[in-house]
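Below, each chain spelled out in residue letters.
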Amino acid sequence: MPRTAKSLTQRETPKKLCSRQLSRFGTLQLKNKHTLYMKFFIDTANLNEIKAAQALGVLDGVTTNPSLMAKEGITGKNNILKHYVDICNIVTGDVSAEVNAVDYDGMIREGEELADLHDQIVVKLPMTKEGVMAAKYFSDKGVKTNVTLVFSAGQALLAAKAGATYVSPFIGRLDDVSTDGLALIEEIRLIYDNYGYETEILAASVRHTMHIVNCAKIGADVMTGPLSAILGLLKHPLTDIGLAQFIADFEKGNKAN
Ligand code: E4P
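Residues numbered from 1 in each chain as written. Predicted model: local features only at pLDDT ≥ 70, side-chain atom pairs only at ≥ 80, totals over all residues. Heavy atoms only, no water.

When its secondary structure is counted, the protein chain shows twelve helices and eight strands. Across the 257 residues that make up the protein chain, the buried fraction comes to 45%. The long-range share in the protein chain, meaning contacts at least 24 apart out of those at least 6 apart in sequence, stands at 57%. Working note: accessible area of the protein chain is about 13300 Å², and carbon and sulfur atoms make up 57% of it. (Helix = DSSP H or I, 4+ residues; strand = E, 2+ residues; numbered from the N terminus. Buried < 20%, exposed > 50% of the residue type's maximum accessible area, 1.4 Å probe, protein only. Contact = heavy atoms within 4.5 Å. Areas by Shrake-Rupley, 256 points an atom, 1.4 Å probe, with all protein chains shown as cover.)

Now for the site of the ligand. In the vicinity of the ligand, the contacting residues are D43, T63, N65, K124, F170, R173, A204, S205 and R207. At a separation of 2.6 Å, an oxygen atom of the ligand approaches a polar side-chain atom of K124. With respect to the ligand, the side chain of R207 contributes an N or O atom lying 2.9 Å from an oxygen atom. When the free accessible area of the ligand is taken as 340 Å², the share hidden by the protein chains comes to 85%. Cavity membership is defined here by more than half of the atoms lying within 2 Å of grid points; on that basis the ligand lies in the second largest pocket. Residue composition of the shell around the ligand, grouped by class: two nonpolar, three polar and four charged. (Near = heavy atom within 4 Å. Polar contact = N/O pair within 3.5 Å; in protein donor to acceptor, adjacent residues only side chain to side chain. 1 Å grid on protein atoms, 1.4 Å probe; cavity = no way out; pocket = protein on both sides within 12 Å on 5 of 7 lines; lining within 4 Å. Sits in = over half its atoms within 2 Å of the grid points. Nonpolar A, V, L, I, M, F, W, Y, C, P; charged D, E, K, R; others polar.)

A few words now on the packing of aromatic side chains. One pass over the full model with this rule turns up five aromatic pairs. A centroid spacing of 5.6 Å and a plane angle of 75° characterise the contact between F41 and Y166, whose relative ring orientation is edge-to-face. Of this pair, F41 sits in strand β1 (residues 39-43) while Y166 is found in strand β6 (residues 166-169), placing the two residues 125 residues apart along the sequence. Note on Y195 and Y197: the rings are 6.0 Å apart at their centroids and 55° apart in plane angle, and the pair reads as tilted. Taken together, the aromatic side chains of Y192, Y195 and Y197 make up a single cluster linked through ring pairs. (Phe/Tyr/Trp six-rings, centres within 6.5 Å; stacked < 30°, edge-to-face > 60°.)

For R189, the position within the fold is in helix α9 (residues 181-195). Among the polar contacts made by the side chain of R189, one reaches the main-chain carbonyl oxygen of G219 at a distance of 2.7 Å.

The backbone nitrogen of N48 lies 2.9 Å from a side-chain oxygen of the residue at the head of helix α2 (residues 47-56), namely N46. Immediately downstream of α2, the backbone of G57 shows phi near 90°, a positive value.

Time to look at the sheet that holds strand β5 (residues 145-150). If you walk around this closed barrel you meet the eight strands as β1-β2-β3-β4-β5-β6-β7-β8, and the pairing is parallel. For this sheet the average axis-to-axis angle between neighbouring strands, irrespective of direction, equals 30°. Direction of pairing for strand β3 (residues 94-98) relative to strand β4 (residues 121-126): parallel, over a ladder of four bridges. Residue pairing in the sheet places V95 in a bridge with I121 of β4. Strand contacts of helix α7 (residues 153-161): β5 and β6, with the helix running at about 165° to β5, the strand carrying the most contacts. (Pairing = 2+ DSSP bridges. Axes fitted to C-alpha atoms, helices over the stretch in contact; angles between N-to-C directions.)

Estimates place the volume of the second largest pocket at around 240 Å³. Taken together, 17 residues line the second largest pocket, and the ones lying closest to its centre are D43, N65, L68, R173 and S205. The residue inventory of the lining of the second largest pocket, partitioned by class, reads six nonpolar, seven polar and four charged. (Points joined across faces, edges and corners; volume = space filled by probe spheres on them.)

This part is about the pattern of salt bridges. Summed over the entire model, instances satisfying the criterion amount to eleven salt bridges. Of the charged contacts in the structure, one is a salt bridge between E200 and K39, with a shortest N-O distance of 3.1 Å. Of the two residues, E200 sits in strand β7 (residues 200-203) while K39 sits in strand β1, which places them 161 residues apart along the sequence. (Salt bridge = Lys/Arg side-chain N within 4 Å of Asp/Glu carboxyl O.)

The biggest cluster of nonpolar side chains holds 59 residues, and the ones touching the most others in it are I50, V62, L125 and Y192. Formed by seven residues, the second largest nonpolar core is a distinct cluster that contains F41, L202, A204 and V222. (Core = buried A, V, L, I, M, F, W, Y, C linked by side-chain atoms within 4.5 Å.)

Our next topic: a nonpolar patch on the surface. Taken together, L56, V58, L231 and L234 make up a surface patch of nonpolar side chains, about 330 Å² in accessible area. If you trace the backbone, L231 turns up in helix α11 (residues 227-232). Note on L231: relative accessible area 32%, which makes it partly exposed. (Patch = residues over 30% accessible without salt bridge, like charges linked within 9 Å, V, L, I, M, F, W, Y side chains within 5 Å.)

Let us now look at the packing of helix α5 (residues 104-117) against helix α6 (residues 129-141). At a minimum axis distance of 9 Å, the contact between α5 and α6 shows a crossing angle of 40°. In terms of orientation, α5 lies oblique with respect to α6. Note on packing geometry: the crossing formed by α5 with α6 is right-handed. Listed contacts from α6 to Y104, M107, I108, G111 and E112 of α5 are E130, G131, M133, A134, Y137, F138 and K141. Each residue belonging to the contact of α5 with α6 can be placed in one class, and the counts come to seven nonpolar, two polar and three charged. (Parallel < 35°, antiparallel > 145°, perpendicular 65-115°, else oblique. Left-handed = near helix turned anticlockwise from the far one by under 90°.)

Right under this line is the structure:
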């Protein structure tokens with residue numbers, strides 16, 4: 001019987017998925033390592049925000065795109081390339097740098113230049129025919145890729161077949177048009193698990209903290225979002241109330257000494 005997509009409440013936890021895969025592949029032959037831990041990427045080209053996320057100690061990488069670079073006023077080829085190197089020097093993980101070309105030869109040229117910049121660079125390619133061909137080219141050469149602007153399970157399947165390192169389904173932009181972005185992550189998880197595709201599901205266009213929590217429940221390998229969404233994970237009023245009480249009780253008890 002083929003597995004069917006589960007509802008939000010029926011979703012299997014990453015731990016359950018992990019043990020199922022352990023029994024299917026054995027510990028050492030575990031093909032799909034997605035369940036071992038979730039990576040946090042920050043989705044920005046702002047160096048201060050990247051430094052703040054890095055300082056928190058939970059950052060695994062960075063994603064950028066041409067709009068995020070433009071937002072920071074990074075223009076002109078040399079400045080753009082230098083900015084990617086600056087980002088790589090702040091973080092230890094993967095840094096997605098997107099090509100601007102839309103033709104195959106241009107993507108290959110630009111992607112090679114980006115990949116040569118730093119070994120942390122992941123070449124980010126759009127989900128087009130040329131982008132899929134370029135993903136295959138880079139994957140055959142052992143260069144990491146991130147296929148972006150993914151809005152359907154079929155597109156994600158193609159990206160995996162091309163050997164992409166990451167596939168980026170845009171959940172926030174789907175939510176924006178009354179379509180369940182998280183349901184797409186579930187569908188891709190199901191498809192990739194059916195065949196053991198190693199392409200990592202990078203939940204992109206994350207807009208808020210609950211997107212992160214729900215992506216973790218479904219078993220997205222990576223999420224990329226703004227600093228505010230990551231910091232939102234810290235917040236709970238009972239933590240603040242409890243800490244204030246601990247401080248007050250400590251001060252009361254130690255005042256006399
Ligand atoms: C993905 O890598 C994109 O940079 C990003 O997540 C897009 O997010 P947005 O929809 O908030 O622009």
